[in-house]
Structures are given as structure tokens and as C-alpha cells.
Amino acid sequence: MAAIDIKHIVKKYDDGFPAVNDVSIDVADGEFMILVGPSGCGKSTLLRMIVGLEDITSGEMVIGDRVVNDLAPRERNLAMVFQNYALYPHLTVYDNIAFPLRLAKADEATVDEKVRAASKTLELDEHLDRKPANLSGGQRQRVAMGRAIVRDADAFLFDEPLSNLDAKLRGQMRSEIARLQKKLGITTVYVTHDQIEAMTLGDRVAVLKRGILQQLATPRELYSNPGNLFVAGFIGSPPMNFLPAKVEGTSVELPFGTVEIPADKAEKAAGHGLLIAGIRPEAFEDASVVEESKKRSGSTFKATVEVVEWLGSEAFAYIPFEAPPEVQKQLQQLERDLDGESLRTQLVISLDGSSMVAAGDEAEIWVDTTKMHLFDPSTGENLTIDHEHAGRVTPVAESAPQEG
Amino acid sequence: MRNKVGIFIGCVLILLWCLLPVAWIISLSFKSQAAITNGSPGFFPASGDGAGWSNYSDVLANDQFRRAILNSIGISLIATVLSVIIATLAAYAIARLEFKGKKFVLTMALAIAMFPVVSLVGPLFDMWRTIGLYDTWPGLIIPYMSFTLPLAIWTLSAFFREIPWELEQAAQVDGATSWQAFRRVIVPLAAPGVFTAAILTFFFAWNDFVFGISLTSTESARPIPAALTFFVGADPFNRPASLLAAGAVVSTIPIIFIVLIFQRKIVAGLTSGAVKG
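Bear in mind that the values here come from a model prediction, so they are computed numbers and not experimental data.

Caption draft 1: Highlighting the overall build of chain B. Looking only at helices and strands, chain B has 13 helices and zero strands in total. From first element to last, N terminus to C terminus, chain B shows the α and β order α-α-α-α-α-α-α-α-α-α-α-α-α. Taking 2.2 N^0.38 as the reference for a compact globule, 277 residues should give roughly 19 Å; the C-alpha atoms of chain B span a radius of gyration of 23 Å, well beyond that estimate. In terms of overall dimensions, chain B has a C-alpha envelope of 75 × 65 × 30 Å along the principal axes.

So, in C-alpha cells, the structure goes:
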């Protein structure tokens, strides 16, 4: 067991491109830390620097109370689960799990005891004599975890361990990993590009973009107080809606009409001209199903619904809108950063399952404006952020994307 | 159905084409010397012409021949083992490391493999006599290695490239040194490649004639293919053809044996299951 302290870590490749740029993350002892971001954000590189498979250009990596920058992977006493499992195909499941113990020259009685304990935890008992080639994806995944938990490692490192599984198995393994981590209470760093895994598993989540740490906070803080446009767009599914907005006093002009926002938010956003408003789909509701008492905390507007997806407990309604070019450009850039396709601008709103709004209707939509965020379109900074509940946000000047 | 018949006929034709000379040698080896001198055209020995196993017992009783067999087995095995060990290490370095002149090494290796053997015999003969390697085991082992290494390196580096690098990294994270990761994870997975390289090397060493006849002068290092040519018997104008045939058959047996052992190890798809495909 040990804390991992990542101090100003930089990874530059030979061509000078910084894959990881001045990232500092402190992982407390026993904490479940998630590194998340779209592909190419440097999260896997960072993990490989922790475990020692990648050299560190500058900065300090501290595990426990040792600086491990120059230690070989085997001297760091960490256990890692690889994305493609990396099981030893010539060894049986038993021998795969026993491999690290045998390397550490444990006597056979200890090896047997520990392997049996690990296989019991992971329900691999009946597969111990089989070779990895004869196992299913989920079983291989469990063997890879067995190989990690059998040692008394200082920390677990996971590199996108679930990305090769189908959706159902992924859900099961996700809760399995969470259960195991709580049970063993071991420091864990987990890399994923899937924001659902990040939200459900992590004690804290570090969001990275192009090698730069954007925000380090609990899932709840990330969700309700994203530091910038990128984090706001990355966390949450369906993603946050971004609309062009003009603030005048406490009223905000959106493409569908003007809504009122709380005075403190209006004050922070004053004097910025054209802004981007970020509103999560569930902050909207069909006005006809909202209770009167609640209605007063928001505003309503009328809009024509293009498509409705009814899912039983809830429904998603899609409302297209036009965005001015300066906002359009910023939103397209954001879409690229998020690995997404640049679709046309539309509002996605989540309605109660009992709502009777159908495609083509002009519906009256209620919006909870206390949950609205306002972003500066040029920097992406969240102007209405509540810094006390936002974890650590990298200042705009440093988190700005580097072109080229 | 018609397709199957076609394949069957094709196989039989190819087998006949390949195995007829072998069958003929075996047939000769069971005929008596007198029968061959008189001309005995049948495939099976005519009555009274059969020699039974006597040719074989004569060959095996011959000191020169026994010594040659020993030379061949010893020289070929040592050349194979050394060549495979060096090739494994070299191929691993070529597959996994980036270093200056990697391309040069690979191209040179290929160039050496294409070099005509016979053109080296003269210089080697002179060199070996000067440094005292002439007519010794090392005198043959060294040229065999230099001609089989390139092919072995190429074969093995192709195998190493197929092995996912994560396996080695996983081993290192699990607490292995680079050498342990190589020996306990990479080598077992490259086994099919190692055995392929071993068979090729053994073939080359066992079948070589040019080096065997030119770089030896006595029984102390002369391998079988060369020794058979010295198997002239009492009368130089009447060579013991049936004895030679028996000798040829005996000298093929080790190679069949080795191939049968090694090919069991060449199992395809050994790495399946290592990583999610």
C-alpha cells in the first residue's frame, strides 16, 4: 500500500512533442484514481510512466516515500492489468497467476495458498488447469486481475481493462473491479476513455486533454462544476448542450427565447458579450409535468421538437437550432477534441416518461437555470464555476490547446 | 467427390516422383554385390540375388563408416545448437531493439546466405591449414554456422515480431528481469521458430558435401557424405554399390528421426490466447 505522487511530470518524445505536459496528481493511499480523456490525451503514457515502462522526461514520480524515476518496473512493486490482458499463453491459468510469486522465489506452499485464494476471489477455480486460449474474454480478464492481486503490490494499475469486453460483461466486470478494490483497499490508478467507467469507479477523476490535466475532482464535482468547455462536454451522457447566449442583467438570451438566471451567476458572466451556455439534458423538462413550486426556480420557452426517443422511464427530445459562426467554430473544435463527429447543432433534452410531447409538436419546455453554466467562447473557461466544489482546475492559460 | 479423387491422384504422383529414388536405393541395398555386377534389373532381388541384412551389418561393422556417422552427428548437432542459440539472441535484438545499422546487419546476413559455398572453399582451406583447424570438428562447425545463421536469424526474427510486446512488459511488471522475461516468456513462445531454424540448420550441416570433402583429410572429422565417396572396397573398378546403398540408407535415418522429433514442436498458433484478438 502506498500513495502515488506525480509531480510536474513531462513526457517529450524525440520529435519534441509533449505527450504529457506538466501533470501533477496526488493519489492518496487506498484511493481509486481515474485518468480519463479522449484518445491521444496522454493518459496511457502517464500510467506507463508510473509503472516504469516509459521513461520520464522531467518531473518526479514518488511511490510511497521513494522517488522511482530511475527504477526498473520490477523494482517498483506495482501490479498492472493490460488492455489486451497479456496472459502468458504457454502457461495454465494456475501458472499465469503464480508467475509473479515464482519470480519472487516464494516457496511452493505459499504460491499454492495465494493462487487458490486469488482464484477463489475471482471464481476461477474450475479453470485453473486450462490455457488462456480456451478461456472467454471475461475469464481472461479475471486471470489478468488474478495475476495482479496475488502479489502484495503497492498499487494496482489498470490500462483500459474493459475496452475489449462486450457491453453486458463490461458492466459486470466494472462492479467486480469496484468491489475488489474496496475489499483490498489498495491504491488504484485506472485509465479509461469511457466517462461512465470514470464516473462510477473513481474516488477522484483526472480529466486530461492533449497531455494537459484539465481538472482533478470527484465525479460529482466534475459533473456539477466542470472547469471548462472540454470537461463539460466530456463528462455526462448524453452530453451537455451548448447554446449561444447573450447575458443582459439577469436575463440570458438563448436561441429559443430569453430566460432568467440567478443574480450571482449573472454577475460572474457580466461584460463578456457573446457566451456559450452549457445546460445538461436533465435540466430541461416538459413544462406540463413540472410541479408549480419547482417551476418558479427556472424559466420556460416554446420550441418545436424534431425527434422524440421514448425509453419508458424517460424520453429524449431533439430540437435543432442555429448557432452564430463564432460559437459554431468553438463547438466544432470541441467536438474534434472529444473524438466526436461534427453534427449539426441541436438541443438534447431529457423529459419525464409521462410527458406526452411527440415529434413535430411545439412544446413548452421548462429549464432549471440554476444548473446553467456560462463559458467564455474564446478560452472555454467556465465563468460560473463554484470553485469550492470543483476540485483542482487548471487555469485557462495553461490548459489552452496547443495547435500544431 | 471428383475433387477428392483428383487430389488423391495428384498426391500419389508426387509421392511416386519423390520416393522412387529412395525406394530404388533401398532395393539396391538388399541385393548382393554379385547380383549387381551381373546386372539385376528387377526392383525386388531375383531368387538367389538377395543379400538380406548382410550389407547393413557389413556397413555398420566398418570402422571408417561408424566413425563418419559419429563425426556427422557430432558436428551437425553442435553446429545446430550453437547456431540456434546465437540466432535466437540476435533475432530478438533485431526484432525488439532499435539500433544503428540494423538494416545493414539484416542485408549482410541475407547476402551471406546467398554466397556460393564453393567459392569459399579455397580461402578456407588455406586459412584452416595455417591456424590448425584443418581436419577438425570446429573446422567444419564454423563454416556451417556462418551459412546457417543468416537464415535462422531471418526465420526467428519473424517469429519474435509476432509475439506481442505486452507479454514482455507484463513479465517485467510482474518482477522479471529482462533476461528472465526473455527466457521464461519469449523463448517458450518462439519455440516453433526455434525448432524450424534448428531443422534448417541441421539439414544444411548434415547434407553438406563440399566443405566435408575439402576441409578434412582423415577420419578424425570426415562426415558421412564425404566418407561415402571413400567407400571404395577392395577393387577400385568394381565399387561395392550395394554396400554404398546400405550406407546411404543408414545415413538418412538420423535425419528422418530428427525431423520427426522437431516437427512435433512446430505447433502453429502457440501464442493464441495471449491477448484479445
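Caption draft 2: Structural detail: the overall build of chain A. A tally of helices and strands in chain A yields 12 helices and 22 strands. Here the C-alpha coordinates of chain A stretch approximately 75 × 45 × 35 Å along the principal axes. Here chain A holds 404 residues, and 46% of them are scored as buried. Sequence-distant contacts, at least 24 apart, represent 72% of the contacts inside chain A between residues at least 6 apart.

Caption draft 3: A look at the sheet that holds strand 4 (residues 58–63) of chain A. Residue and element names in this part refer to chain A. One open sheet accounts for four strands, arranged 2-1-4-5; its pairing is antiparallel. A single partner strand is all that each edge strand has here, and the edge strands are strand 2 (18–27) and strand 5 (66–67). The pairing of strand 1 (residues 4–12) with strand 4 spans five bridges and is antiparallel. Within strand 4, the residue paired with Ile-6 across the bridge is Met-61. Packed on one face of the sheet, helix 1 (residues 43–51) meets strand 1, strand 2 and strand 4 and runs near 120° to strand 1.

Caption draft 4: Fine view of the packing of helix 2 (residues 93–103) of chain A against helix 4 (residues 137–149) of chain A. Residues and elements named next belong to chain A. Across the interface, helix 2 lies against helix 4 with an axial gap of 7 Å and an inter-helix angle of 30°. When the axes of helix 2 and helix 4 are compared, the pair comes out roughly parallel. Considering only the axes of helix 2 and helix 4, their crossing is right-handed. Where helix 2 abuts helix 4, its residues Val-93, Asn-96, Ile-97, Phe-99 and Pro-100 lie against Val-143, Gly-146 and Arg-147. Of the residues belonging to the contact of helix 2 with helix 4, the class tally is five nonpolar, two polar and one charged.

Caption draft 5: Molecular detail of the pairing of strand 18 (residues 314–320) of chain A. Residue and element names in this part refer to chain A. As judged from the four bridges shared by strand 17 (residues 307–310) and strand 18, these two strands associate in the antiparallel manner. In the sheet register, Val-307 faces strand 18, and the bridge partner there is Tyr-318. Counted along the chain from strand 17 to the antiparallel partner strand 18, the turn is three residues long, and its residue Gly-312 has a positive phi close to 100°. Inspection of the sheet shows strand 18 paired to strand 19 (residues 346–352) by seven bridges, in the antiparallel sense. Along strand 19, the bridge assignment pairs Tyr-318 with Val-348.

Caption draft 6: Fine view of the interface of chain B and chain A. Every contact between the two is made by 22 residues of chain B and, on the other side, 26 residues of chain A. Where the side of chain B that touches chain A is concerned, the elements lending two or more residues are helix 8 (165–173) and helix 9 (178–189) of chain B. The leading source of residues in the side of chain B that touches chain A is helix 8 of chain B, at six residues.

Caption draft 7: Inspection of the sheet that holds strand 19 of chain A at higher detail. All names here are of chain A. Spatially, three strands are ordered 17-18-19 in an open sheet, and the strand pairing comes out antiparallel. Taken across any chain shown, the strands that pair with only one partner, and hence form the sheet edges, are strand 17 and strand 19. Recorded for the sheet is a direction-independent mean angle of 20° between the axes of neighbouring strands.

Caption draft 8: Representation of the packing of helix 2 of chain A against helix 3 (residues 108–121) of chain A in the model. All names here are of chain A. Closest axis-to-axis distance for the helix 2/helix 3 pair is 10 Å, and the angle between their directions is 130°. For the element pair helix 2 / helix 3, the angle class is oblique. Pair helix 2 / helix 3 crosses with right-handed handedness. Facing helix 2, whose interface residues are Tyr-94, Ile-97, Ala-98, Leu-101 and Arg-102, helix 3 presents Val-111, Lys-114, Val-115, Ala-118 and Ser-119. Considering only residue class, the contact of helix 2 with helix 3 consists of seven nonpolar, one polar and two charged.

Caption draft 9: Quick peek at the nonpolar core. Counting 159 residues, the largest nonpolar core has Ala155(A), Leu157(A), Val189(A), Ala206(A), Ala277(A) and Leu156(B) as its most contacted members. The greatest single-element share of this core, amounting to 12 residues, is contributed by helix 7 (residues 137–162) of chain B. Among the domains, domain 1 (4–222) and domain 2 (239–385) of chain A are the pair contributing at least three residues each to this core. Those residues in contact with Leu156(B), other than ones at most four positions away along the chain, are Ala87(B), Thr88(B), Ala91(B), Ala190(B), Gly193(B), Val194(B) and Ala197(B).

Caption draft 10: Region of the structure containing helix 5 (residues 167–184) of chain A. Counted at 1.5 Å a residue, the expected span for helix 5 of chain A with its 18 residues is 26 Å, and the 26 Å between its end C-alpha atoms agrees. At the exit of helix 5 of chain A stands Gly185(A), carrying a positive phi of roughly 60°.

Caption draft 11: Local environment of unusual backbone geometry. All names here are of chain A. In this model, Ser-237 is joined to Pro-238 through a cis peptide bond whose omega is -5°. Its location among the elements puts Pro-238 in the loop between helix 8 (229–234) and strand 11 (241–248). The backbone of Tyr-85 sits at a positive phi, close to 75°, despite the residue not being glycine. Relative to the assigned elements, Tyr-85 resides in the loop between strand 6 (78–81) and helix 2. Since 27 C-beta atoms lie within 10 Å of it, Tyr-85 is described here as buried. Look at Ala-86: it is not a glycine, yet its phi comes out positive at around 50°.

Caption draft 12: Main features of the pairing of strand 10 (residues 212–217) of chain A. All names here are of chain A. Within strand 10, six of the six residues are buried, which leaves the element mostly enclosed by the surrounding structure. The turn joining strand 9 (residues 204–209) and strand 10, which pair antiparallel and follow one another in sequence, is formed by two residues; a positive phi near 45° is taken by Arg-210. By the bridge criterion, two bridges tie strand 10 to strand 22 (residues 392–393) in an arrangement that is antiparallel. Looking at strand 22, one finds that Gln-215 is bridged to Val-393.

Caption draft 13: Representation of the environment of Asn3(B) within the structure. All names here are of chain B. Relative to the elements of secondary structure, Asn-3 occurs in helix 1 (residues 2–29). Judged by C-beta crowding, with 7 C-beta atoms within 10 Å, Asn-3 ranks as exposed. With 259 residues separating them in the primary sequence, Asn-3 and Phe-262 have C-alpha atoms 33 Å apart.

How each quantity is defined
- Residues numbered from 1 in each chain as written.
- Chains lettered and ligands numbered in written order.
- Predicted model: local features only at pLDDT ≥ 70, side-chain atom pairs only at ≥ 80, totals over all residues.
- Helix = DSSP H or I, 4+ residues; strand = E, 2+ residues; numbered from the N terminus.
- Rg over C-alpha atoms; globule rule 2.2 N^0.38 Å.
- Buried ≥ 20, exposed ≤ 12 C-beta atoms within 10 Å, placed from the backbone.
- Contact = placed C-beta atoms within 7 Å.
- Pairing = 2+ DSSP bridges.
- Axes fitted to C-alpha atoms, helices over the stretch in contact; angles between N-to-C directions.
- Parallel < 35°, antiparallel > 145°, perpendicular 65-115°, else oblique.
- Left-handed = near helix turned anticlockwise from the far one by under 90°.
- Nonpolar A, V, L, I, M, F, W, Y, C, P; charged D, E, K, R; others polar.
- Core = buried A, V, L, I, M, F, W, Y, C linked by C-beta atoms within 7 Å.
- Domains from an automatic or database assignment.
- Expected span 1.5 Å × (residues − 1).

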